[in-house]
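Remarks on the overall topology
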Amino acid sequence: MEAVSLVRCEEYHQATVEKGVHEAVRLLGGWDKFVKRGDKVLIKPNLLTGAPPEKGVTTHPSLVRAVVLQVKEAGGIPTIGDSPMFSSSLVRAADKAGLKEVADHYDVRLVEFDESIEVDNPYEGTFRRFEIAKQVFDFDVIVNLPKLKTHSQMLLTLAVKNLFGCVVGRKKVQWHFKAGTDRLYFARMLVELYRTIGPQLTIVDGIVAMEGNGPQSGRLRELGLILAGRECVALDMVIAHLLGLEPLLLPTTFVAKEMGIAPVDIGEIKILGEELNKVAVDDFQFPSYSTMAWNIPYWLQRRLKRYLTPLPSVELSKCTLCHRCLEACPTGAVSDSNSQMIINYDKCITCFCCQEACPEGAIQLQGRWLMRLMS
Ligand code: SF4
Ligand code: SF4
């Protein structure tokens, strides 16, 4: 039976976070179960872009610091690594997100994922091989540190989705292009990628989460939780459940169930620490016009996809013409026409990379007529 630990942690005060991380891992058997003396340990935070910790976009430096310290105490050699989607360099993003200070203070290497290698998918699946950052395979142990946030396409970005950061830079955009409008294809790629990378431990920063228009422009939401587990799909299922969402409405969980690797239901996951129902929230805000949040079964979503997928639209009053949306768009659907950002909906595959990239929250999701009727 898969186990997930659930620990209350109300603030980012360093001592409180260290205690919370220690307890979350102790409930799973302790650091010794994951890290042996001399192990090279990759710590993979969510470093989507260079944003200050108080924005809630990236894994908080207090949590990363706690993990660095505890990996060292267990005898491991920690390194922090990622490939930020919307920053020119890891060091720049880490500096803004407060992680460079952690790395400098504890003499920890920051490793930019900047070189891809082809890796065979060791399991039977849809994808025979992936291009993954070469650096990921230089380590004995991977500790995955996602931030609990909403995501317009995948509904939430949690344990499984955080590993997409192991795909180098702009190669991420190619996956969006390949998936086109098929959200489940993209979800399947994420699940198979997660299994290929195979992190040994995941610790989720759910102390201050992001709800609404995530993963960059949503509202902060204090949940006061640290969650940990070995198995990312089970962890994501527990988080969905505590946020009031049927876990199978997460595309990655749905696909994992089709693949036969997800627990049948939440009752098959052993919850350690806090009682799930005592920390559950019933008013968490999912992205606007999220079809999944309406609890529509996938077979119907597939048939009505054209009518149930929102479209991105630019709120000109918020737009600073930074062009990040244009650079992020895999299909060239975004252009600057006389200092006004325009989206060509004939080319749009509704991947929402533009919305994810926009630092101003200027790209909103606009519901189609059926969605407006249902909301
Ligand atoms: S316009 Fe936005 S949602 Fe549409 S394809 Fe481009 S990035 Fe994706
Ligand atoms: S990313 Fe946002 S602010 Fe920048 S050009 Fe696009 S819509 Fe405007």
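Residues numbered from 1 in each chain as written. Chains lettered and ligands numbered in written order. Predicted model: local features only at pLDDT ≥ 70, side-chain atom pairs only at ≥ 80, totals over all residues. Heavy atoms only, no water.

Before going further, it helps to examine the nonpolar core. The biggest cluster of nonpolar side chains holds 64 residues, and the ones touching the most others in it are Val136, Leu148, Met189, Leu227 and Leu243. When near neighbours in sequence (up to four residues on either side) are disregarded, leucine 227 contacts Val4, Ser5, Leu6, Thr202, Ile203, Val204, Leu235, Val238, Ile239 and Leu242. Listed in part, the 42 residues of the second largest apolar core include Cys9, Phe34, Ala74 and Ile80. (Core = buried A, V, L, I, M, F, W, Y, C linked by side-chain atoms within 4.5 Å. Buried < 20%, exposed > 50% of the residue type's maximum accessible area, 1.4 Å probe, protein only. Contact = heavy atoms within 4.5 Å.)

Within the span of helix α6 (residues 171-179), buried status applies to Lys172, Val173, Trp175, His176 and Ala179. Relative to the axis of α6, the buried residues are bounded by an arc of 155° and lie together on one face. In α6, those exposed residues whose orientation departs by more than 90 degrees from the buried face are Phe177 and Lys178. On its buried face, α6 is in contact with β6 (129-133), α7 (183-197), α13 (324-328) and α14 (353-357). (Helix = DSSP H or I, 4+ residues; strand = E, 2+ residues; numbered from the N terminus. Arc of directions from axis to C-beta.)

As a further point, take the site of ligand 2. Near ligand 2 you find 14 residues, and of these Cys319, Cys322, His323, Cys325 and Cys358 are the closest. A per-class count over the shell around ligand 2 returns ten nonpolar, two polar and two charged. (Near = heavy atom within 4 Å. Nonpolar A, V, L, I, M, F, W, Y, C, P; charged D, E, K, R; others polar.)

Here we take up the pattern of salt bridges. Pairing between side chains of opposite charge can happen when their charged atoms approach one another. On inspection of all chains with the given rule, the structure shows 13 salt bridges. Here lysine 171 and glutamate 131 are joined by a salt bridge, their closest N and O atoms 3.3 Å apart. Taken together, the residues lysine 171 in helix α6 and glutamate 131 in strand β6 connect sequence positions 40 residues apart. Among the residues examined, lysine 171 registers a relative accessible area of 26% and is labelled partly exposed. The shortest N-O distance in the salt bridge between lysine 147 and aspartate 205 comes to 3.0 Å. With lysine 147 in strand β8 (residues 147-151) and aspartate 205 in strand β10 (residues 201-211), the pair connects residues that are 58 residues apart, well separated along the chain. Looking at lysine 147, the relative accessible area reads 1%, which means it is buried. (Salt bridge = Lys/Arg side-chain N within 4 Å of Asp/Glu carboxyl O.)

This paragraph deals with unusual backbone geometry. Excluding glycine, residues mostly have negative phi values, and the peptide bonds linking residues are mostly trans. Going from glycine 214 to proline 215, the amide bond is cis rather than trans, its omega being 10°. Looking at the element boundaries, proline 215 is found in the loop between β10 and β11 (219-229). Positive phi values are uncommon outside glycine, yet leucine 155 reaches one of about 75°. Within the fold, leucine 155 resides in strand β9 (residues 155-157). What makes leucine 155 buried here is its relative accessible area of 0%. Positive phi, normally seen in glycine, also occurs at threonine 350, with a value near 50°. As for its placement among the helices and strands, threonine 350 is situated in the loop between β15 (341-343) and α14.

The next point concerns the domain arrangement of the chain. Domain boundaries assigned for the chain yield domain 1 (3-279) and domain 2 (302-374). Just the C-alpha atoms count here: the centres of domain 1 and domain 2 sit 26 Å apart. If you look at where domain 1 meets domain 2, you find zero salt bridges. At the level of secondary structure, the elements contributing two or more residues to the side of domain 1 that touches domain 2 comprise α6 and α9 (251-258). At three residues, the largest contribution of residues to the side of domain 1 that touches domain 2 is made by α6. Of the residues that constitute the side of domain 1 that touches domain 2, the class distribution is eight nonpolar, eleven polar and four charged. (Domains from an automatic or database assignment.)

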